[in-house]
Structure formats: C-alpha cells, structure tokens
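Results of the structural survey
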Amino acid sequence: MDFLDLAKKRYSVRGYKPDPVEDGKLQKVLEAACLAPTPTNSQPFQLIVIHTAGNQDKLLEVYNRPWFVQGPLIICCVGMHNEAWIRRDGRNYLDVAVAIAFDHLIMAATDIGLGTCWVGQFEKDPARKFLGLPKDAEPIVFTPLGYIADEPKEKKRKPVSELVRYEKW
Ligand SMILES: Cc1cc2nc3c(=O)[nH]c(=O)nc-3n(C[C@H](O)[C@H](O)[C@H](O)COP(=O)(O)O)c2cc1C
C-alpha cells in the first residue's frame, strides 16, 4: 500500500473482535518493530506479547477501558534504560527509540488489516507488577492487537501549513 494511504488508514481502534490473530501476522508486526532504526543501532527495547484470555482483570488494572481487553493480544514496548543512548548533553533518546519501533509495529499491523491503539495513559505500577519487569526496564506504551470491530472517525489534523516552516523559525 502507498505509504500515505497507510498513514490515512491507521487510526486508534477502540473496539476489537475476539478472533485470534494468526501467528504469521503477529510475527510480521514484531519483525517490523525490530527493523526500526535506533540510536547507535542499540535497539534498547523489549516487546512483550500478552494473551488477554484469563488476564482481563489484571490488564484492566493496568488500563481500565473495556476495549483494551476485547482483542486476543496486547503488546507492550518496554524501554531498557541500561541500553539507552544518551547524548553528550545528557538528553536521553530512549522514548524516541521506543516510539520509532512501536510505530513500525503499528503501521505494519495496519497494513495487514489489524487494529491497534497507542496506550500511554496506563497505570505504571500495576503494569510493572503484571509484567514482572526488572529495575532497568520501563513500560512505555501498550497496544491491543486484533481484528477491528469499530469504525474510524474523521481524521482531524492541523493543516500541513500550520506545522511546517521552511529554512528558519
Ligand atoms: C504516545 C501516545 C499515547 C497515547 N495514549 C493513548 C491512551 O492512553 N488512550 C487512548 O485511548 N489513546 C491514546 N493515544 C491515541 C491518541 O489519542 C490518538 O492517536 C489521537 O487522538 C489521533 O487519533 P487517531 O490515532 O485515531 O488518528 C495515544 C497516542 C500516542 C501517540
């Protein structure tokens, strides 16, 4: 699919079918994330694939929205602080690396007809506990992964002209 069409097609899916995601499709979206560029090629993240079945109650403590647990899978991208690239002035690029990898995953899922929704507004301590994370690992973003059961809303965005400048501020 043309990339602009793919970008237009992706939206935050907040309704999922319980149908399973084929393992081949899951592997494709995971591979897409692992192909993402990262500072110094450090790949400072881990992807955790969670089956919702049997875990709904605990997952709702992490993020309390019914649609979060409607699909068969949830993926969490965990940033590894001990592997993060930090610029000489102290600027930490861990979130940037995680965001690029996760966006690759999200776009790959869209491309093969799967729904996703970035979830950053989750409860960190229940997430850490549920995932059994070590000290250096920070849960940064989640998404459900599954077949879509809702409809996209109209995409509202600022016009390109409001967000782009040429040459200088
Ligand atoms: C980093 C990030 C965190 C987000 N966290 C949440 C969230 O916790 N819950 C939610 O429903 N949507 C969340 N969203 C989705 C945004 O609200 C959504 O992308 C935005 O409103 C644009 O809508 P669209 O994705 O349908 O185009 C998040 C998006 C990003 C990029």
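Residues numbered from 1 in each chain as written. Predicted model: local features only at pLDDT ≥ 70, side-chain atom pairs only at ≥ 80, totals over all residues.

1. Describing unusual backbone geometry
Using the following cut-off: A run of DSSP states H or I qualifies as a helix once it reaches four residues; a run of E qualifies as a strand once it reaches two. Both are numbered from the N-terminal end. In this scheme every C-beta is placed from the backbone, and a residue whose C-beta has 20 or more other C-beta atoms within 10 Å is buried, one with 12 or fewer is exposed, and one in between is partly exposed.
Phi is positive for Gln-43, which is not a glycine, with a value near 45°. By secondary structure assignment, the location of Gln-43 is in the loop between helix H2 (23–34) and strand E1 (45–51). With 17 C-beta atoms packed within 10 Å, Gln-43 lands in the partly exposed category.

2. Quick word on the packing of H2 against helix H4 (residues 94–111)
Our working definition: Axis definition: a line fit to C-alpha positions, over the contact stretch in the case of helices; interaxial angles, taken between N-to-C directions, run 0 to 180 degrees. Handedness of each helix crossing follows the sense of rotation of the near helix against the far helix: counterclockwise by less than a right angle gives left-handed, clockwise gives right-handed. Throughout, a pair of residues is in contact if the C-beta atoms placed from their backbones lie within 7 Å. When residues are sorted by character, Ala, Val, Leu, Ile, Met, Phe, Trp, Tyr, Cys and Pro go into the nonpolar class, Asp, Glu, Lys and Arg into the charged class, and all the rest, Gly among them, into the polar class.
The N-to-C vectors of H2 and H4 enclose an angle of 145°; their axes lie 7 Å apart at closest approach. Crossing of H2 over H4 shows right-handed handedness. Each of Lys-28, Val-29, Ala-32 and Ala-33 in H2 lies in contact with H4, whose residues at this interface are Ala-101, Phe-102, His-104, Leu-105, Ala-108 and Ala-109. Looking at the contact of H2 with H4 residue by residue, the classes come out as eight nonpolar, one polar and one charged.

3. Focus on the site of the ligand
How we decide: Think of it this way: take the backbone, place a C-beta atom on it, and check whether that atom is within 6 Å of the molecule or strand, in which case the residue is near it.
Every residue lining the ligand is accounted for by Tyr-11, Ser-12, Cys-117, Trp-118, Val-119, Gly-120, Gln-121, Val-141 and Lys-155. Classifying every residue of the shell around the ligand by side-chain character gives five nonpolar, three polar and one charged.

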